[in-house]
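Structural overview for review
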Amino acid sequence: MPSTETPLLTSLRSPRVVAARRLAKRNQRTKERRFLAEGPQAVREAVAFGRLPDSADHAVVEVYVTPEAAERHAGIVEEALAEGLPVLTATDEVIADICDTVTPQGIVALCRFIDTPFAEVLRARPKLVAVLAHVRDPGNAGTVLRTADAAGADAVVLTDASVDLYNPKAVRASVGSLFHLPVAVGVPIEEAVAQLRAAGVRVLAADGAGERDLDQELDEGTLGAPGAWVFGNEAWGLPEETRALADEVVRVPIHGHAESLNLATAAAVCLYASARAQRSPGGCRVNA
């Protein structure tokens, strides 16, 4: 249970509540370098993330929870308290006021930014990277991040033309994966491609207009090498200048009658194809 030293937050005018509510705006998140992680899964992973690299600060500043949610998610509350984090009880009205969801789950963590400098991503010699170029929908961005995590990717890169990583919908759609793998933000696509290639990573642009298809890549064994997939805008894909930067432009073959795949589905197909090839005989993860 939360510490009884802190009174129940009941006022929507409380400075804590007002400050948290302001984080719904991107400029305020950027200014304070803080964001909200809603729901038990996100809060659990945020608490488990621990301290920021080279810092005494924990990723979590404090946790807000209703009395009912504190009982339901007692394990999360106990872990947060064990980490020395403030856990503040709040009314349903307060939680609803600071949350982005229509039906909040009663627990929210106020977190510090946790993105990783792109240079650190490169120093780790990544073998599989998802690059989101011109992705504007936060739900799609969060879903691709979750997919990259599930496929065992080493990092995700959001270019400067993509949505804010800390948008509440993106954080929620990642379902905690935001706290599992390095994510670099604000990287110009030209810089991302050039530096990945310089690090020995083959760059593939996923686009329905690609001359090569994914089956060819699999048949020829080229996906077993370190690779980065560049995914474009939900509506209009990748612009020609971005496609021109890649080593190859690859399409997911449509064997049926569907016109196309949505962004998240195409990303899942591509990332899992690379993940399997890299773990097969001759793949870069086998020979490492």
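Quick look at the structure, then. This one's a predicted model, so the numbers in the text were calculated from it and none came from an experiment.

**Examining a negative patch on the surface**
On the surface, a cluster of negative charge is made up of Asp160, Glu190, Glu191 and Glu241. Within the fold, glutamate 190 resides in helix α10 (residues 189-198).

**Describing the sheet that holds strand β4 (residues 107-112)**
Spatial ordering of the open sheet is given by β1-β4-β2-β3, a layout of four strands whose pairing is mixed. Strand pairing shows two members of the sheet lacking a second neighbour, β1 (34-38) and β3 (87-89), which therefore form its edges. Sheet twist, expressed as the average angle between the axes of neighbouring strands with direction ignored, equals 20°. Across three bridges, strand β2 (residues 60-65) lies against β3 in parallel orientation. Residue pairing across strands places valine 63 opposite valine 87, the latter belonging to β3. In the packing of helix α3 (residues 40-49) onto the sheet, contacts are made with β1, β2 and β4, and the angle to β4 comes to roughly 40°.

**Here's the deal with α3**
Residues separated by three or four positions in an α-helix point in the same direction, a consequence of the helix having 3.6 residues per turn. If you check which residues of α3 are buried, you get Pro40, Ala42, Val43, Glu45, Ala46 and Val47. Here the buried face of α3 lies against β1, β2, α5 (74-82) and β4. The first or second residue beyond α3 is glycine 50, which carries a positive phi of 85°.

**Considering the packing of α3 against α5**
At their nearest, the axes of α3 and α5 sit 10 Å apart, and the two run at 25° to each other. When the axes of α3 and α5 are compared, the pair comes out roughly parallel. Here the hand of the crossing between α3 and α5 comes out left-handed. Where α3 abuts α5, its residues Pro40, Val43, Arg44, Val47 and Ala48 lie against Ile76, Glu79 and Ala80. Along the lines of polarity and charge, the residues of the contact of α3 with α5 split into six nonpolar, no polar and two charged.

**Topic: the nonpolar core**
Ranked by size, the top nonpolar core spans 57 residues in total, and within it Phe35, Val156, Leu178, Trp229 and Phe231 carry the most contacts. The biggest single contributor to this core is helix α13 (residues 263-279), with seven residues. Grouped together as the second largest cluster of nonpolar side chains are 22 residues, Ala155, Ile189, Val203 and Val230 included.

**Focus: empty space enclosed by the protein**
What the rule picks out here adds up to two cavities of 30 Å³ or more. Size it by volume and the largest cavity reaches roughly 40 Å³. Around the largest cavity, the lining residues are Arg202, Leu204, Thr222, Leu223, Ala225, Pro226, Gly227 and Ser274. By residue class, the composition of the lining of the largest cavity is four nonpolar, three polar and one charged. Its boundaries defined by the atoms lining it, the second largest cavity holds a volume of some 30 Å³.

**Some thoughts on the sheet that holds strand β7 (residues 183-187)**
Here seven strands make up an open sheet; going across it, the order is β7-β6-β5-β10-β8-β11-β9 and the pairing parallel. Looking at which strands have only one partner, the edges of the open sheet turn out to be β7 and β9 (212-213). When strand β8 (residues 202-206) meets strand β11 (residues 248-251), the two strands line up parallel, connected through three bridges. In the sheet register, alanine 206 faces β11, and the bridge partner there is valine 250.

**Description of the packing of aromatic side chains**
Going through the model one piece at a time under the given rule, you end up with six aromatic pairs. Relative to phenylalanine 113, the ring of phenylalanine 35 lies with its centre 6.3 Å away and its plane at 50°, an arrangement referred to as tilted. Residue phenylalanine 35 is found in strand β1, and its partner phenylalanine 113 is found in the loop between β4 and α7 (118-123); the two are separated by 78 residues along the sequence. We classify phenylalanine 35 as buried; its relative accessible area is 0%. Exposure remark for phenylalanine 113: the relative accessible area of 11% places this residue in the buried category. Plain terms: the ring middles of phenylalanine 49 and phenylalanine 179 are 6.3 Å apart, the flat faces sit at 65° to each other, and that makes the pair edge-to-face. Here phenylalanine 49 is found in helix α3, whereas its partner phenylalanine 179 is found in the loop between α9 (168-174) and β7, with 130 residues between them in sequence. Since its relative accessible area comes to 27%, phenylalanine 49 is described here as partly exposed.

What counts, and at which threshold
- Residues numbered from 1 in each chain as written.
- Predicted model: local features only at pLDDT ≥ 70, side-chain atom pairs only at ≥ 80, totals over all residues.
- Heavy atoms only, no water.
- Patch = residues over 30% accessible without salt bridge, like charges linked within 9 Å, V, L, I, M, F, W, Y side chains within 5 Å.
- Areas by Shrake-Rupley, 256 points an atom, 1.4 Å probe, with all protein chains shown as cover.
- Salt bridge = Lys/Arg side-chain N within 4 Å of Asp/Glu carboxyl O.
- Lys, Arg positive; Asp, Glu negative; His and termini not counted.
- Charge placed at Lys NZ, Arg CZ, Asp CG, Glu CD.
- Helix = DSSP H or I, 4+ residues; strand = E, 2+ residues; numbered from the N terminus.
- Pairing = 2+ DSSP bridges.
- Axes fitted to C-alpha atoms, helices over the stretch in contact; angles between N-to-C directions.
- Contact = heavy atoms within 4.5 Å.
- Buried < 20%, exposed > 50% of the residue type's maximum accessible area, 1.4 Å probe, protein only.
- Parallel < 35°, antiparallel > 145°, perpendicular 65-115°, else oblique.
- Left-handed = near helix turned anticlockwise from the far one by under 90°.
- Nonpolar A, V, L, I, M, F, W, Y, C, P; charged D, E, K, R; others polar.
- Core = buried A, V, L, I, M, F, W, Y, C linked by side-chain atoms within 4.5 Å.
- 1 Å grid on protein atoms, 1.4 Å probe; cavity = no way out; pocket = protein on both sides within 12 Å on 5 of 7 lines; lining within 4 Å.
- Points joined across faces, edges and corners; volume = space filled by probe spheres on them.
- Phe/Tyr/Trp six-rings, centres within 6.5 Å; stacked < 30°, edge-to-face > 60°.

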